[in-house]
Amino acid sequence: MSDVLLLARAFAFAAEHHSGQTRKGEASEPYVNHVADVARRVAEATGGSDARLVAAALLHDTVEDTRATEEDIRTAFGDDVADLVMEVTDDRTLPKDARKQAQVDHAPHLSDRAKRLKLADKASNLTQIVESPPADWPAARKRDYADWAEAVLAGLRGVDAEMERTLEHAIARVRAEAQG
């Protein structure tokens, strides 16, 4: 499958499966905007050289947040894309706090490509908290999210200095916004 076809199919799959989902922020943007942002960040970081990683970025939340399964991803997009998606997919059977700790614990063991994806995802999420904050998130919750993202970042270091700086900047923006 050509890179263009792969990316078009991945975007269509993500849009279909995330249909009706919105972000938690005040603007309630369509959720697909998030996966598009993560994919853009990955594409820019890799200079457009890794279409399968960009496809995985588009699909990174489908198994976790929709009815799509690992097998659906594997069948439609192949083992490489499915393996990347599954590397960054949380185990939804765990309680929220355990899932968050698992991300911290697993971050150092991710492949370099999955680390780039995780860096892009966290930067996108933190940027969203500043630009369209969830109305029900007090300053303390924003600070807690930034602290957790920093703990995840510690395990992702060494793969992409520019993406790490972008995430550091996003963390700093959330902390500054939370301080008012």
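Check the entry above for the structure.
In this text the structure is predicted, and so the values were computed from the model without any measurement.

Considerations on the packing of helix α7 (residues 112-131) against helix α9 (residues 161-179)
In step 1: Where α7 meets α9, the closest approach of the two axes is 9 Å, and the angle between their N-to-C directions is 25°. In terms of their interaxial angle, α7 and α9 are classed as roughly parallel. Between α7 and α9 lies a crossing whose hand is left-handed. Within the contact between the two elements, α7 uses Arg116, Leu119, Ala120, Lys122, Ala123, Leu126, Thr127, Ile129, Val130 and Glu131 and α9 uses Met163, Glu164, Thr166, Leu167, Ala170, Ile171, Arg173, Val174 and Glu177.
In step 2: A per-class count over the contact of α7 with α9 returns 11 nonpolar, 2 polar and 6 charged.

Some words on the packing of aromatic side chains
In step 1: Inspection of the entire model under this criterion finds 3 aromatic pairs.
In step 2: Their ring planes at 90° and their centres at 5.5 Å tell us that Phe13 and Phe77 sit as a pair that is edge-to-face. Residue Phe13 is found in helix α1 (residues 3-17), and its partner Phe77 is found in helix α5 (residues 70-87); the two are separated by 64 residues along the sequence.
In step 3: Among the residues examined, Phe13 registers a relative accessible area of 14% and is labelled buried.
In step 4: Relative accessible area serves as the criterion here: at 9%, Phe77 is assigned to the buried category.
In step 5: Measuring from centroid to centroid gives 5.2 Å for Tyr145 and Trp148, while their planes differ by 70°, and the two rings are edge-to-face. On the criterion of helical spacing, the pair formed by Tyr145 and Trp148 is a turn pair, its members being 3 residues apart in helix α8 (residues 139-156).
In step 6: Assessed through its relative accessible area of 13%, Tyr145 is described here as buried.

Conventions we followed
- Residues numbered from 1 in each chain as written.
- Predicted model: local features only at pLDDT ≥ 70, side-chain atom pairs only at ≥ 80, totals over all residues.
- Heavy atoms only, no water.
- Axes fitted to C-alpha atoms, helices over the stretch in contact; angles between N-to-C directions.
- Helix = DSSP H or I, 4+ residues; strand = E, 2+ residues; numbered from the N terminus.
- Parallel < 35°, antiparallel > 145°, perpendicular 65-115°, else oblique.
- Left-handed = near helix turned anticlockwise from the far one by under 90°.
- Contact = heavy atoms within 4.5 Å.
- Nonpolar A, V, L, I, M, F, W, Y, C, P; charged D, E, K, R; others polar.
- Phe/Tyr/Trp six-rings, centres within 6.5 Å; stacked < 30°, edge-to-face > 60°.
- Buried < 20%, exposed > 50% of the residue type's maximum accessible area, 1.4 Å probe, protein only.

Purely geometric numbers; function is a separate question.
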